[in-house]
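Chain by chain, the residues run as shown.
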Amino acid sequence: MNSNDHAPTPLWRPFSMFLMAFFGLFFLSWPTVLSLDLWVFKDRGSFLNLDTLLGQHLRLGVDAYYSYGLLPVWIQHLLFRAFGVGYGPLLGCTVVTIALMALFWALLLRHLPAERIWLMAIVALCPIVIWINPNFPYSLVQLSMLFALWLVLENRLSAAFAVSTVGCLSVPSLTLVLSFFIFLLILVNWWTEGARKAGTLARQIAPGLVTYAIGVALLAWVFGTSSFIASALPLLGMQFYKAVHYGTIGALLEFLHPSGQTLKYLVLYYAGTPVTWWVLATLLLFYFGVRSAGAVWAEKKIQPKHAVVLICALLQAIFAFHGYGVPGQEIVYSPWLLAAVLLGASQLPSEIFRKGIVFLLAAIGLLGTAAQARRTLIDWRTSVKNADTANLYAHADWVKDWGDVLQLSRNHKLFLFSYGTGQHHYFPTVESPNVWFVRTGQMFPADKQRVMSQLQNAEIVVEDLGGATSFIDYDPDVQRYLSQMCLTDVTANFQIWRKASIPPRNAVCKQNPRSKYRE
């Protein structure tokens, strides 16, 4: 039975089920939700640090490297002013995002057959399509892309075009491609269905153009024209991808088949992570995309379901073969991958094949969450939180090493080298890099100059071995300066250098085992 052949189920029923499933996963993953590593030492801490850079009157994308859009920066700044700086306001945004995701899936369900298996499959796959602790800019990307696609499904193309521009102002990447495809869809429909009047076309594209223009004017006024121009297109991001060899077939193959691993590892990898589900869903989407293209050619008309499947198939091809960076990145786009595959499966003439595909997707997806479930269980067993962790969760052995670092920072000027740069907010005695990220390809010369100045003014330098090592270990200027200091401590989590004047005096200096730089 097709969804058009029955009275739609009241929206609140699937919505409430998705809410319970999604928030159930959210609370079961509490150590991840409140992870010290994620909120302080990784991307979320660096995004928080943008507020500090703005407070120093640095222009994002001009004086300080920044390659995302400015809309999430502005929203974060407003939230910090209203509720205080920290993870709390952004955690609230995550709660809102999860609720809106539940709404999206409830709305999508109305376009699928009236069989319980479709709802249950989405519930079963919630660990794959719900990002428990997302980066805030990508929350806006996910929501704008999903609801834009739903509006295409509803044949409300003007509204879809407008909603898609929110993603363009958040992270200009695949969001720009989606907006372009929706614009093309409007243009094709106008050409094939109407009287081809210019006024009709103008009215259809006006909401999107006006929405984007208002965003441009607002962000240029708040951050300056030069910052907006630098962040409007993914030029800096493309340069970074080129510098670190992302967006290549090699990056995709490393996700599909990690190099240098044992057979046992690979078996567990394919059985216990989402990679097999992602490959299956991608291949199915390409197949459904071909079927939709054939249907459009035969009918000489683009039906909404065919439009969504075609758009998503093209987006997935661009992401897989030109935009893939690091394993885990697929979580950003997995929601619309699943939505498009379900829509494609719903158009198969055979009920047995429809249900078989849905069951297979759900079963493989559930198996693919085994590693995530295991990590979560380990986190519950081994994580602690106390004053030394800013009441966030971290593994006990890491906390012990971190406590020693904090003790040093109370008596000496300590500079922490880490991939993320927001530590100084949660731990005021620790000085962290005055940039967005400490990473090769994501620093302007002015960024590096600020970091080198901090490094030279420090009495103690601590390297976080969980991040930033690609920059620290290879950069000749950093290694040349560190060679003048004494490497006194090497643990599983940190390396500690001291100036000669800092106790313990006459310490035996260790050889840096990580340095890749040679004179």
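Residues numbered from 1 in each chain as written. Predicted model: local features only at pLDDT ≥ 70, side-chain atom pairs only at ≥ 80, totals over all residues. Heavy atoms only, no water.

(A) Broad picture of the nonpolar core. Formed by 148 residues in total, the largest nonpolar core has its most connected members in Phe22, Trp105, Trp336 and Trp402. In terms of residue count, the dominant contributor to this core is helix α9 (residues 136-153) (14 residues). In this view, tryptophan 402 contacts Phe41, Asp388, Leu416, Phe427, Val430 and Phe494; residues no more than four positions away in its chain are not counted. Listed in part, the 18 residues of the second largest apolar core include Leu455, Ile472, Tyr481 and Leu487. (Core = buried A, V, L, I, M, F, W, Y, C linked by side-chain atoms within 4.5 Å. Buried < 20%, exposed > 50% of the residue type's maximum accessible area, 1.4 Å probe, protein only. Helix = DSSP H or I, 4+ residues; strand = E, 2+ residues; numbered from the N terminus. Contact = heavy atoms within 4.5 Å.)

(B) A look at the confidence of the model for the protein. Residues at a pLDDT of 70 or more form 96% of the protein, whose mean pLDDT is 92. Ranking the elements of the protein by mean pLDDT puts helix α25 (residues 469-472) last with 74 and α9 first with 98. Note that pLDDT drops below 50 for residues 1-6; the model gives that stretch 13 contacts with residues more than four away or on any other chain. (pLDDT = per-residue confidence, 0-100.)

(C) The packing of helix α10 (residues 157-168) against helix α11 (residues 174-193), seen in detail. It is at 8 Å that the axes of α10 and α11 come closest, and there the two elements cross at 165°. Accordingly, the angle class assigned to the pair α10 and α11 is roughly antiparallel. In the packing of α10 onto α11, the handedness of the crossing is left-handed. Contacts between α10 and α11 involve Leu157, Ser158, Ala160, Phe161, Ser164, Thr165, Gly167 and Cys168 from the former and Thr175, Leu176, Leu178, Ser179, Ile182, Phe183, Leu185, Ile186 and Asn189 from the latter. (Axes fitted to C-alpha atoms, helices over the stretch in contact; angles between N-to-C directions. Parallel < 35°, antiparallel > 145°, perpendicular 65-115°, else oblique. Left-handed = near helix turned anticlockwise from the far one by under 90°.)

(D) Highlighting the state of the cysteines. Throughout the structure, instances matching the rule amount to one disulfide. Between the sulfur atoms of cysteine 486 and its disulfide mate cysteine 509 the distance is 2.1 Å. Taking the sign of the torsion about the S-S bond as the criterion, the disulfide between cysteine 486 and cysteine 509, at about -120°, is left-handed. Of the two residues, cysteine 486 sits in strand β6 (residues 486-490) while cysteine 509 sits in the segment after β7 (494-498), which places them 23 residues apart along the sequence. (Disulfide = S-S within 2.5 Å.)

(E) Structural view of the pattern of salt bridges. According to the stated counting rule, one finds 10 salt bridges in the structure shown. In this structure, aspartate 388 engages arginine 410 in a salt bridge whose closest nitrogen and oxygen atoms are separated by 3.8 Å. Taken as a pair, aspartate 388 in the loop between β1 (383-384) and β2 (394-395) and arginine 410 in the loop between α22 (396-409) and β3 (414-417) lie far apart in primary sequence, 22 residues in all. Look at arginine 410 and you get partly exposed, because its relative accessible area is 46%. (Salt bridge = Lys/Arg side-chain N within 4 Å of Asp/Glu carboxyl O.)

(F) Layout of a nonpolar patch on the surface. Together, Leu233, Leu235 and Met238 line one region of the surface with nonpolar side chains, adding up to about 310 Å² of accessible area. Looking at the element boundaries, leucine 235 is found in helix α14 (residues 235-244). (Patch = residues over 30% accessible without salt bridge, like charges linked within 9 Å, V, L, I, M, F, W, Y side chains within 5 Å. Areas by Shrake-Rupley, 256 points an atom, 1.4 Å probe, with all protein chains shown as cover.)

(G) Fine view of the environment of glycine 208. Mapped onto the secondary structure, glycine 208 falls in helix α12 (residues 198-223). With 51 residues separating them in the primary sequence, glycine 208 and leucine 157 have C-alpha atoms 9.5 Å apart. Setting aside residues no more than four positions away along its own chain, glycine 208 makes contact with Ser158, Phe161, Ala162 and Thr165.

(H) Molecular detail of unusual backbone geometry. Here asparagine 155, not a glycine, exhibits a phi torsion of approximately 65°, which is positive. By the secondary structure assignment, asparagine 155 is in the loop between α9 and α10. Residue alanine 390 is not a glycine yet carries a positive backbone phi of 55°. With respect to the helices, strands and loops of the structure, alanine 390 is situated in the loop between β1 and β2.

(I) Local environment of the pairing of β3. The side-chain alternation of β3 yields two buried faces, one formed by Leu414 and Leu416 and the other by Phe415 and Phe417. As defined by bridge partners, β3 adjoins strand β4 (residues 430-431) across two bridges and the pair is classed as parallel. Bridging across to β4, phenylalanine 415 finds its partner in glutamate 431. Inspection of the sheet shows β3 paired to strand β5 (residues 460-464) by four bridges, in the parallel sense. Considered in β5, the bridge of phenylalanine 415 is made with valine 461. (Pairing = 2+ DSSP bridges.)

(J) Summary view of the environment of leucine 201. If you trace the backbone, leucine 201 turns up in helix α12. Separated by 15 residues in sequence, leucine 201 and isoleucine 186 place their C-alpha atoms 7.9 Å apart. Apart from residues no more than four positions distant in its own chain, leucine 201 is found in contact with Ile186, Leu187 and Trp190.

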